[in-house]
Amino acid sequence: MPYLNLKTINSNQLLSSPSIVSPVSGRQLKSLNFFWIGFMIYTLCSAITQTDRLNIKICQGLQIIGLIFIFTSIFSLIQLKFDNPWLRFIYVLYSAWLLSVIYRGGSSLGEYSYIKDFFFSPYEGMLYFAPLILLFPRTLIFYKKLFDVIIYLGICNILFDMVFIKDLLNPDHSNTTSQAMVETFSDLSFSSGFILLTYAYHTKKRQIIAIGVTMAALLFAIIRARRGLIFMYSTVSFISYLLYVFHSKLKFVIIYLTIFIALLGGLYISGLFKPSDNKLFGFLVDRGDEDTRSLVEIYYYDDMKFKDWIIGRGTNGKYFAPNIEENQVTNFRHTIETGYEQTILKGGFVSIGLFLLIALPAIILGVFYSKNILSKVAAIWILLSLVNSYPSTVNAFTLQYLLVWISIGICYSKEIRNMAEGNIKKNFHELQGIG
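Note that the structure is a prediction, hence the values are computed from the model and not measured. Position numbers for residues count from 1 along each chain, tracking the sequence in the order it is written. Per-residue local features are limited, in this predicted model, to residues with pLDDT of at least 70; the limit for side-chain atom pairs, both in listing and counting, is 80 or more; totals at the level of whole chains, interfaces and linings are taken over all residues. Hydrogens are left out, water is left out, and the side-chain values use all remaining heavy atoms of the structure.

Engineer: Explain the overall build of the chain here, please?
Structural biologist: Labels follow the DSSP assignment, with helices taken as runs of H or I lasting at least four residues and strands as runs of E lasting at least two, numbered in each case from the N terminus. If you tally the helices and strands in the chain, you get 19 helices and 2 strands. Counting the 435 residues in the chain, one finds 53% classified as buried. Taking all contacts inside the chain whose residues are at least 6 apart in sequence as the whole, residues at least 24 apart take part in 76%. With residues, only the protein chains shown are counted as cover, and all accessible areas are computed by Shrake-Rupley using a 1.4 Å probe. Accessible surface for the chain amounts to roughly 19,700 Å². Of this, 65% is attributable to carbon and sulfur atoms. Exposure categories follow from relative accessible area, calculated using a 1.4 Å probe and restricted to protein chains: below 20% of the type maximum is buried, above 50% is exposed, and the middle band is partly exposed. Contact between two residues is taken to exist if any of their heavy atoms lie within 4.5 Å; hydrogens are not considered.

Have a look at this one:
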């Protein structure tokens with residue numbers, strides 16, 4: 001990992017400008033490296049547990065190492081500084097509310113299975129630590145590290161695809177393991193869309209890697225008929241495409257995307273006469289508009305009381321839903337596949353309301369009151385997270401969700417929003433190959 005060295009950045013290597021491009025201390029840089037190394041260990045092990053190829057105890061042991069890296073570094077990175085009084089007020093309220101959600105799930109703290117899920121699953125307890133990344137230093141060096149991690153995880157996703165290609169292409173469409181692998185591997189690949197959206201700050205090599213990762217993930221989502229993922233990858237790809245068309249001089253990228261989309265359309269048209277026999281699109285066509293959620297949602301709505309809708313049931317919240325999955329151990333489920341409903345189950349409308357009070361102003365500031373692509377893309381990413389919370393569960397300790405909170409920090413920072421686009425580009429170019 002050439003960019004994850006512990007080298008202190010010399011101020012002479014950066015253009016003289018505001019604090020966003022000021023050097024960081026060696027201690028902070030070391031903590032930042034430890035955090036991202038720990039995060040990658042945790043995320044990769046979480047993804048590989050879905051493959052049944054590595055002993056789960058080994059994976060969890062590695063995850064513990066990752067968690068140690070994360071929590072020992074996080075405290076030296078947190079800075080109780082806010083760029084906006086509104087953000088400070090609502091963020092404190094939101095954090096207090098999340099603590100109450102954890103506390104109300106505390107009745108199960110003595111249960112080993114609950115504690116295990118709380119820390120080892122990015123969709124359970126660890127997601128409540130994700131907002132802390134908003135308090136990390138808002139510097140270009142931090143964002144450069146972030147871009148590095150996105151690329152590293154994207155490359156790991158491609159390697160996982162190659163290693164587990166037989167499982168991903170399993171012709172047995174009832175195989176839930178391969179479907180779970182596609183969904184879990186998206187935790188590694190989806191954030192490559194952020195590289196596509198911020199194409200102006202990256203080398204051609206990184207742009208090509210991000211395109212390859214995104215297109216491969218979309219292809220496997222189509223093969224396994226993961227309709228929510230197809231929507232998510234298609235949306236971020238389309239928006240990235242529009243940005244290339246309107247702003248980029250890199251015509252080869254536009255041509256590449258146009259050819260890919262044309263080929264994809266051609267493959268579909270070639271199977272129109274008997275699409276269910278098409279190996280690539282057959283399963284997706286077979287599913288069509290198959291309703292896989294209504295029964296679950298009926299159970300969910302029947303079991304939720306008025307109080308539950310308002311404040312949720314805590315981190316251990318569950319609802320009565322019998323006969324939904326084959327060989328299910330219990331008739332109570334901890335998760336529902338719609339992100340908004342999952343948030344309500346745990347923290348009620350209060351959780352959603354407080355988050356929206358943070359997110360919506362951030363989108364407005366980023367889109368309408370900024371002078372650079374970085375701020376506008378950050379606003380787009382937050383908006384995409386709100387849209388994607390219907391077909392998927394965005395709130396999790398994944399890079400996609402960490403990027404939401406990082407984007408919120410960017411949008412609320414007047415200093416970042418007011419930076420000229422040319423200055424940001426030059427500074428990122430200066431940072432190429434540094435720390």
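Engineer: I'm lost on helix H3 (residues 85-104) in this one. Help?
Structural biologist: Turn by turn, an α-helix covers 3.6 residues, leaving residues three or four places apart pointing in a common direction. By definition here, a helix of n residues has an expected span of 1.5 Å times n minus one. Compared with the 28 Å implied by 1.5 Å per residue over 20 residues, the 29 Å span of H3 between its first and last C-alpha is a close match. For H3, the set of buried residues is Leu-87, Ile-90, Tyr-91, Tyr-94, Trp-97, Leu-98 and Val-101. Within H3, the buried residues cover an arc of 130 degrees as seen down the axis, which keeps them to one side. Across from the buried face of H3, at angles greater than 90 degrees, the exposed residues are Pro-85, Leu-99 and Tyr-103. Against helix H14 (306-311), helix H15 (339-368) and helix H17 (399-412) lie the buried residues of H3. Looking at where H3 begins, the residue whose side-chain oxygen comes 2.8 Å from the main-chain nitrogen of Trp-86 is Asn-84. What the arc describes is the spread of directions from the helix axis to the C-beta atoms. Polar contact is defined as a pair of N or O atoms within 3.5 Å, subject to the rule that within protein one atom must be able to donate a hydrogen and the other to accept it, and that residues adjacent in sequence are counted only when both atoms are side-chain atoms.

Engineer: Please clarify how the nonpolar core should be interpreted in this entry.
Structural biologist: Nonpolar side chains in soluble globular proteins tend to end up buried together. One finds Trp-36, Ile-133, Leu-399, Trp-405 and Ile-408 to be the most contacted residues of the largest nonpolar core, which totals 107 residues. The element best represented in this core is helix H5 (residues 140-163), accounting for 12 residues. Contacts of Trp-405, omitting those with residues within four sequence positions, involve Tyr-91, Tyr-94, Ala-130, Pro-131, Ile-133, Leu-134, Phe-355 and Ile-358. Core analysis: the second largest hydrophobic core is formed by 9 residues, Val-296, Tyr-300, Ile-336 and Ile-352 among them. Nonpolar cores are built from buried Ala, Val, Leu, Ile, Met, Phe, Trp, Tyr and Cys residues. Side-chain atoms within 4.5 Å join them into one set.

Engineer: Just to check I follow, could you spell out the side chain of Asp-187 for this structure?
Structural biologist: Topologically, Asp-187 is positioned in helix H7 (residues 176-189). Among the polar contacts made by the side chain of Asp-187, one reaches the side chain of Tyr-123 at a distance of 2.9 Å. Not counting residues up to four positions away in its chain, the partners in contact with Asp-187 are Tyr-123 and Thr-398.

Engineer: Before we go on, may I ask you to explain the packing of H3 against H15 in this structure?
Structural biologist: The relative placement of two packed helices is expressed as an angle between their axes plus a distance between the axes. Axis lines are fitted through C-alpha atoms, for helices just across the contact stretch, and the angle between N-to-C directions can take any value from 0 to 180 degrees. For the pair H3 and H15, interaxial distance at closest approach is 10 Å and the crossing angle is 160 degrees. Regarding the angle of H3 to H15, the classification is roughly antiparallel. Read as a crossing pair, H3 and H15 show a hand that is left-handed. Judged by residue contacts, Trp-86, Leu-87, Ile-90, Tyr-91, Leu-93, Tyr-94, Trp-97, Val-101 and Arg-104 of H3 engage Lys-346, Gly-347, Val-350, Ser-351, Leu-354, Phe-355, Leu-357, Ile-358 and Pro-361 from H15. For the contact of H3 with H15, a count of residues per class yields 14 nonpolar, 2 polar and 2 charged. Note that the term roughly parallel is reserved for angles under 35 degrees, roughly antiparallel for angles over 145, roughly perpendicular for angles of 65 to 115, and oblique for everything else. Crossings are sorted by hand: turned counterclockwise from the far helix by less than a right angle, the near helix makes the crossing left-handed, and turned clockwise it makes it right-handed. Amino acids are sorted into nonpolar (Ala, Val, Leu, Ile, Met, Phe, Trp, Tyr, Cys and Pro), charged (Asp, Glu, Lys and Arg) and polar (every other residue, Gly among them).

Engineer: Help me understand the pattern of salt bridges in this model?
Structural biologist: Should the charged atoms of two oppositely charged side chains come close, the side chains can pair. A carboxyl oxygen of Asp or Glu within 4 Å of a side-chain nitrogen of Lys or Arg is what we treat as a salt bridge. Under the defined criterion, the tally for this structure stands at 6 salt bridges. Among the salt bridges present, the one from Asp-148 reaches Arg-206, with a minimum N-O distance of 2.7 Å. Within this pair, whereas Asp-148 is found in helix H5, its partner Arg-206 is found in helix H9 (residues 204-223), the two being separated by 58 residues in sequence. The buried category is assigned to Asp-148, whose relative accessible area is 0%. Using a relative accessible area of 8% as the deciding quantity, one classes Arg-206 as buried. For Glu-183, the salt bridge is made with Arg-226, and the minimal N-O distance between the two is 2.8 Å.

Engineer: How should the state of the cysteines be read in this particular structure?
Structural biologist: Cysteine pairs can be covalently joined through their sulfur atoms, and such a bond is termed a disulfide. Only a pair of cysteine sulfur atoms within 2.5 Å counts as a disulfide in this structure description. Scanning the entire structure with this criterion turns up 0 disulfides. No disulfide involves Cys-45; its sulfur sits 5.3 Å from the nearest other cysteine sulfur, which is in Cys-59.

Engineer: Can you help me understand the packing of H15 against helix H16 (residues 373-388) in this one?
Structural biologist: In contact at an axis separation of 10 Å, H15 and H16 are set at 155 degrees when each is read in the N-to-C sense. With respect to each other, H15 and H16 are oriented roughly antiparallel. Considering the relative orientation of H15 and H16, their crossing is left-handed. Contacts from Tyr-340, Phe-355, Leu-356, Ala-359, Leu-360, Ala-362, Ile-363, Gly-366 and Val-367 in H15 reach Ser-375, Lys-376, Ala-379, Ile-382, Leu-383, Leu-386 and Val-387 in H16. Among the residues forming the contact of H15 with H16, the class breakdown is 13 nonpolar, 2 polar and 1 charged.

Engineer: How should the environment of Phe-34 be read in this particular structure?
Structural biologist: Within the secondary structure, Phe-34 sits in helix H1 (residues 26-48). We classify Phe-34 as partly exposed; its relative accessible area is 31%. A C-alpha to C-alpha distance of 8.4 Å links Phe-34 and Thr-72, two positions 38 residues apart in sequence. The residues touching Phe-34, leaving out its near neighbours within four places in the chain, are Phe-69 and Ser-73.

So yeah, pure geometry; function would need other evidence.
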